[in-house]
Amino acid sequence: QVQLVESGGGLVQAGGSVRLSCEASGRTFNSHNMGWFRQAPGKEREFVAGIRWSDGATYYTDSVKGRFTISRDNDKNTVYLQMNTLEPEDTANYYCAAGGIHYGISRPSLWPLWGQGTQVTVSS
């Protein structure tokens, strides 16, 4: 079983950058697709980015393309989300997810493993 712990959130000004980390425990990390989701108050959890376990292929939701980058370091059992040119609309609790049947699957229910989340607040 893989357990996920996110870190790196905080308060940042619009236009700034933040890097989130998600450290996974468990020997099967390297065989899991990984993803990042976010949930703002009063809104549904939405897919942000995913990365395929086998070759590092990536997929992004349209609103973050060109601004966010997902990556993984299998030696460190860690997946990252580099977020640049942040906007107030990016304010949300960001969750790491593992085990999606496809790295581009946007439905949260199809990702079986979740971290506790880390808050990112972007001020205008």
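Residues numbered from 1 in each chain as written. Predicted model: local features only at pLDDT ≥ 70, side-chain atom pairs only at ≥ 80, totals over all residues. Heavy atoms only, no water.

Side note on the overall build of the protein
Our working rule: A run of H or I in DSSP counts as a helix once it spans at least four residues, and a run of E counts as a strand once it spans at least two, with each numbered from the N terminus. Every radius of gyration here is taken over C-alpha atoms, with the globule rule written as 2.2 Å times N^0.38, N being the number of residues. Exposure classes here rest on a 1.4 Å probe applied to the protein chains alone. A residue is buried below 20% of its type maximum, exposed above 50%, and partly exposed in between. Only heavy atoms enter the contact rule, under which two residues are in contact if any of them lie within 4.5 Å. For accessible areas, the Shrake-Rupley method is used with a probe of radius 1.4 Å. Any residue's cover is judged against the shown protein chains and nothing else. The charged-residue count follows a simple rule in which Lys and Arg add positive charge and Asp and Glu add negative charge, with His and chain termini not counted at all. Just so you know, the charge point we use is NZ for Lys, CZ for Arg, CG for Asp and CD for Glu.
The secondary structure content of the protein amounts to zero helices and 11 strands. Along the protein, helices (α) and strands (β) appear in the sequence β-β-β-β-β-β-β-β-β-β-β when read from the amino end. Relative to its length of 124 residues, the protein is compact, with a C-alpha radius of gyration of 13 Å against a globular reference of 14 Å. Along the first, second and third principal axes, the C-alpha set of the protein runs to 40 × 25 × 25 Å. Going through the 124 residues of the protein one by one, you find that 44% of them count as buried. Considering only contacts in the protein between residues 6 or more positions apart, those separated by 24 or more positions represent 59%. Counting every atom, the protein has about 6500 Å² of accessible surface; 45% of that belongs to carbon and sulfur. Counting 11 positive and 11 negative side-chain charges, the protein places the averaged centre of each group 4 Å from the other.

Quick word on the sheet that holds strand 7 (residues 68–73)
For clarity, the threshold we go by: Between any two strands, pairing holds if DSSP finds at least two bridges. As a rule, the C-alpha atoms of each element are fitted with a line to give its axis, helices using only the stretch in contact, and angles between N-to-C directions run from 0 to 180 degrees.
Ordered in space as 1-3-8-7, the four strands form an open sheet in which the pairing is antiparallel. Strands at the two margins of the open sheet, each flanked by one partner only, are strand 1 (3–7) and strand 7. Each strand axis lies, on average, 15° off the axis of its neighbour in the sheet, ignoring direction. Both strand 1 and strand 3 (residues 18–25) contribute to a ladder of five bridges, which runs antiparallel. If you follow Leu 4 over to strand 3, its bridge partner there is Ala 24.

What to know about unusual backbone geometry
Here the phi dihedral of Asn 77 falls at roughly 50°; this positive angle occurs in a residue that is not glycine. Here Asn 77 is to be found in the loop between strand 7 and strand 8 (78–83). Its relative accessible area of 22% is what places Asn 77 among the partly exposed residues. Its identity is not glycine, yet Thr 85 carries a phi of approximately 45°, on the positive side. Among the secondary structure elements, Thr 85 is positioned in the loop between strand 8 and strand 9 (92–98).

Focus: the packing of aromatic side chains
What counts, and what does not: Between the rings of Phe, Tyr and Trp (Trp by its six-membered ring), a pair exists once the centres lie within 6.5 Å; its type follows the angle of the planes, with under 30 degrees stacked, over 60 edge-to-face, and the other angles tilted.
Scanning the model with the defined rule gives five aromatic pairs in all. When the centroid spacing of 5.5 Å and the interplanar angle of 80° are considered together, the rings of Phe 37 and Phe 47 count as edge-to-face. Within this pair, whereas Phe 37 is found in strand 4 (residues 34–39), its partner Phe 47 is found in strand 5 (residues 46–51), the two being separated by 10 residues in sequence. The two residues Phe 37 and Phe 47 agree in class, both being buried. Ring centres of Phe 47 and Tyr 59 lie 6.1 Å apart, and the angle between their planes is 45°; this geometry places the pair in the tilted category. You can see Phe 47 sitting in strand 5 and its partner Tyr 59 sitting in strand 6 (residues 58–60), a full 12 residues away along the chain.

Note that all results are geometric; they support no functional claim without further evidence.
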